[in-house]
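# Analysis of the macromolecular model
Here's the letter readout for the chains.
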Amino acid sequence: MQTWDMDLPELQEPETQTGEKLKSELLTVNMGPQHPATHGVLRVEIKTDSEIVAKAIPHIGYLHRCMEKHCEAIDYRGVIPFVDRLDYLAAMSQELTYSMAVEKMLGTEVPRRAVVIRTIVSELQRIASHLMAFGTYALDLGAFSPFLYAFDEREKILRLFEELSGARLLYNYFWIGGVWNDITDTQIDFVENFLDGFEKELVKYDKLVSQNRIFQERTMHVGTLSLEDAHSFGATGPVLRGSGQAWDLRKVNPYLCYDELDFEVPVGEGQRGSTVGDCYNRYYVRMLEMVESVKLVRQSIKLLEPGPIIGKVSKVIKLPKGEIYMRTECPRGELGVHLVSTGEKTPYRVKIKSPCFTHTSILPHIAPGQMIADFVASIGSIDIVLGEVDR
Amino acid sequence: MLNDIVSHINSHVSNANASLISPVEDGAGDSSILINPESVFETMKCLLTSKYNALQVISGVDYTEYIEVCYMLANFDPENPREAIIKTRLKDRENPSLDSICSLSLAANWQERECYDMLGVSFNNHPDHRRILCPDDWEGFPLRKDYKVQEVYRGMEVNPEAKMNRDDQLFGENVQKGNEEELLKRALARGL
Amino acid sequence: MNEERLTFFGYFRNIYTAVKSSAIGMWITFRYVWGKKPVTIEYPEVREVLPENTRSRLYNDVLNCISCNMCAISCPVDCIYISSVPRPKDLDIPKCDDGTPKRQVLTQYVIDTALCCYCGLCTTVCPTECLTHTEDYEFSQYEVEDMKYDYLTDDLIAWRDRLVKA
């Protein structure tokens, strides 16, 4: 089983016991599964040489709920509540990917108003998710108040989602063919007011955390992931963009109404004296993305016009034979749904390509040579949600 | 565009036998490329060095007659975005095996482990061939269609009878046990 | 680590920037002492008003139920158990509030609330809209068995006053 231990040269007895050659045995530390900095039930087995991490082995599967197996027995509509529970911090984005996959197979046309509502909601969800990432990241690095400020703002978005869908976290709001409830004018006003206040908040976060010297010292030049490695790992989202590649599905392969909206793709360029691809860049890309999301929501509100919110879908959904691989840009990266249908009422196979799973596999690569505290910073900067890693 | 990829594979890899699979007549969805299982390593080497720069995911489907392993490749370059599904079919359900592509892509390590964990496809030359989501000593491969949960795991009963939610069955029994009339009376008394 | 070599002035510059940025942060947090309303509420005394379409505990107004089984079919976790028998021929067929005839007699209607995932798929398919989500969110029990609600028992009457939306 533990083939890792075999080829560790450090484990051998040191030749001399004096001076710089003094080496002790590697110490094994288990971080997690109940560690606050692991963002869920991730266990990382760390082999440390004093404070330096020599090897980190993530052990996942503590939250494995056999979601893919469950989906094979449920009808297409019933899968949506299950997809919610993957990345429970960005449930709307997960629903979007799955329902877009089914709609594309069915050939359903989603009404214009539903498309715009979906854009608004998924951008707000991106803000909510990044706020969570920002708050917990600051918390990991020892700052408590940003966490509270972020939750204060996130609460407003959750309140809006609660009014829209009826639930605070697991929405089941995007239906196959459209959305469940219509968005009212009062809610639009609420969103606009929220955005006005939120822009000021973003400036505050920038002063409070991004420009803070202690925070910069903790994150800059830490956990650097080069662009080639990011490609080789198949990293997407803020991790890839933090490494300096302006890849965003919303721009490259526009879905919803992103092709009509004007926005930029923030890239990590070594801002404020950091190295491209380090923790600070990944964090900073998220902060810049929130600014872009605010722009996107503002623009898409203008596109809102009256009309139906759900397209024509038969009562019992039967997909034609075939398979599809659909991917969208979720807050944490590209979520892919590989849906195989054999013409039955239930999917034959649903495979979720989760960005967090991919990003967790980066950890053993960037860990060696870091301090343990820096390793905590690395885990926080890739922003994983264990519900999605384990599925 | 996939046609170019097919001819590219066939011209560079001798035994790949690549062919394009389009959706069936009354079907829908994406097209994909089918290759020979023996040529997976060579094909991936050819594609990942020239046309694509990232392996997104390795997905697998159990079609009872054969096991299909799908490699989703992508080119993460805004100038030249590409995407492809490369498939291969393994007829041997007892000991399906493929060549590992860990040396070509860092992503393959965990993806292949997951494929092994869920579908039982073993990968030759994999540096760390273990299960990833299930415990190391778990039996069976959950996403196969004929999967049955093992009964005892480390001396513990899996899905013990006392803890299973049998309400569905018990509910039927409860109704059929001859108290149907009682229930009917109760219902009528409530004015239903 | 590609840090520059630390110079004499660099050392003091570092101290200066660290103190300055910390002071800015302290000032931002300090402003929360006055002039900011608390965003939390003292829960048992003060209750938040939930939005109208909140999806919480399910309630079935059995008098309007036509035993069509749609909710049980659409439930992704199979937590709704229904049994019904055809109405005896010597009885009149009553009607629901919206005029749908009730050809079946609903003999049992049980929802396992502990299993329910509050997805709302059952309420949307209900043809007579008798199955609704209420805004009632405090229903913890000591036993899991107590979470199974039989909507035809006497408790129904007690719940009805409290639960049914006006």
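Scroll up to find the structure.
First things first, this report covers the structure right here in the doc.

### Thoughts on the overall build of chain C
The helix and strand inventory of chain C stands at four helices and five strands. Going from N to C terminus, chain C has its helices and strands arranged as α-β-α-β-β-α-β-β-α. Residue pairs at least 24 apart in sequence account for 76% of intrachain contacts in chain C once pairs closer than 6 positions are excluded.

### Focus on the interface of chain B and chain A
Listed as interface residues are 33 residues of chain B and, on the opposing side, 39 residues of chain A. Within the residue set of the side of chain B that touches chain A, elements represented by two or more residues are β3 (54-62), β4 (67-75) and α3 (108-119) of chain B. Per-element tally for the side of chain B that touches chain A: the top contributor is β3(B), with six residues. Residues of the side of chain B that touches chain A, tallied by class, amount to 21 nonpolar, seven polar and five charged.

### Things to note about unusual backbone geometry
Unlike most non-glycine residues, A:N172 shows phi in positive territory, near 55°. Note that A:N172 resides in the loop between α5 (145-165) and β4 (174-175). What makes A:N172 buried here is the crowd of 27 C-beta atoms within 10 Å. The phi angle at C:N69 is positive, at roughly 70°, despite the residue not being glycine. In this structure, C:N69 sits in the loop between β1 (58-60) and α2 (70-74).

### With respect to the sheet that holds strand β3 (residues 52-59) of chain A
Residues and elements named next belong to chain A. Judged by pairing direction, the sheet is antiparallel, and its three strands sit side by side in the order β1-β2-β3 without closing on themselves. For this open sheet the edge positions go to β1 (27-31) and β3, each flanked by a neighbour on one side alone. The mean inter-strand angle of the sheet, taken between neighbouring strand axes irrespective of direction, is 25°. Examined bridge by bridge, strand β2 (residues 43-49) and β3 share seven bridges and lie antiparallel to one another. Bridge pairing in β3 places I46 opposite A56.

### So, the packing of helix α4 (residues 112-140) of chain A against helix α11 (residues 279-302) of chain A
Residues and elements named next belong to chain A. Two elements in contact, α4 and α11, have axes separated by 9 Å at closest approach and are oriented at 155°. Between α4 and α11, the angle falls in the class roughly antiparallel. Handedness of the α4/α11 crossing: left-handed. Where α4 approaches α11, its residues V116, T119, I120, E123, L124, R126, I127, H130, A133, F134 and Y137 are matched on the opposing element by Y283, R286, M287, E289, M290, S293, L296, V297, S300 and I301.

### Structural notes on helix α2 (residues 40-50) of chain B
Residue and element names in this part refer to chain B. If you check which residues of α2 are buried, you get V40, T43, M44, L47 and L48. One side of α2 holds all its buried residues, which, seen down the axis, span an arc of 115°. The exposed set on the far side of α2, more than 90 degrees from its buried face, consists of T49 and S50. Tucked inside the fold, the buried residues of α2 contact α1 (2-12), β2 (32-35), β3, β4, β5 (82-90) and β6 (97-99).

Reading the values: rules and limits
- Residues numbered from 1 in each chain as written.
- Chains lettered and ligands numbered in written order.
- Predicted model: local features only at pLDDT ≥ 70, side-chain atom pairs only at ≥ 80, totals over all residues.
- Helix = DSSP H or I, 4+ residues; strand = E, 2+ residues; numbered from the N terminus.
- Contact = placed C-beta atoms within 7 Å.
- Nonpolar A, V, L, I, M, F, W, Y, C, P; charged D, E, K, R; others polar.
- Buried ≥ 20, exposed ≤ 12 C-beta atoms within 10 Å, placed from the backbone.
- Pairing = 2+ DSSP bridges.
- Axes fitted to C-alpha atoms, helices over the stretch in contact; angles between N-to-C directions.
- Parallel < 35°, antiparallel > 145°, perpendicular 65-115°, else oblique.
- Left-handed = near helix turned anticlockwise from the far one by under 90°.
- Arc of directions from axis to C-beta.

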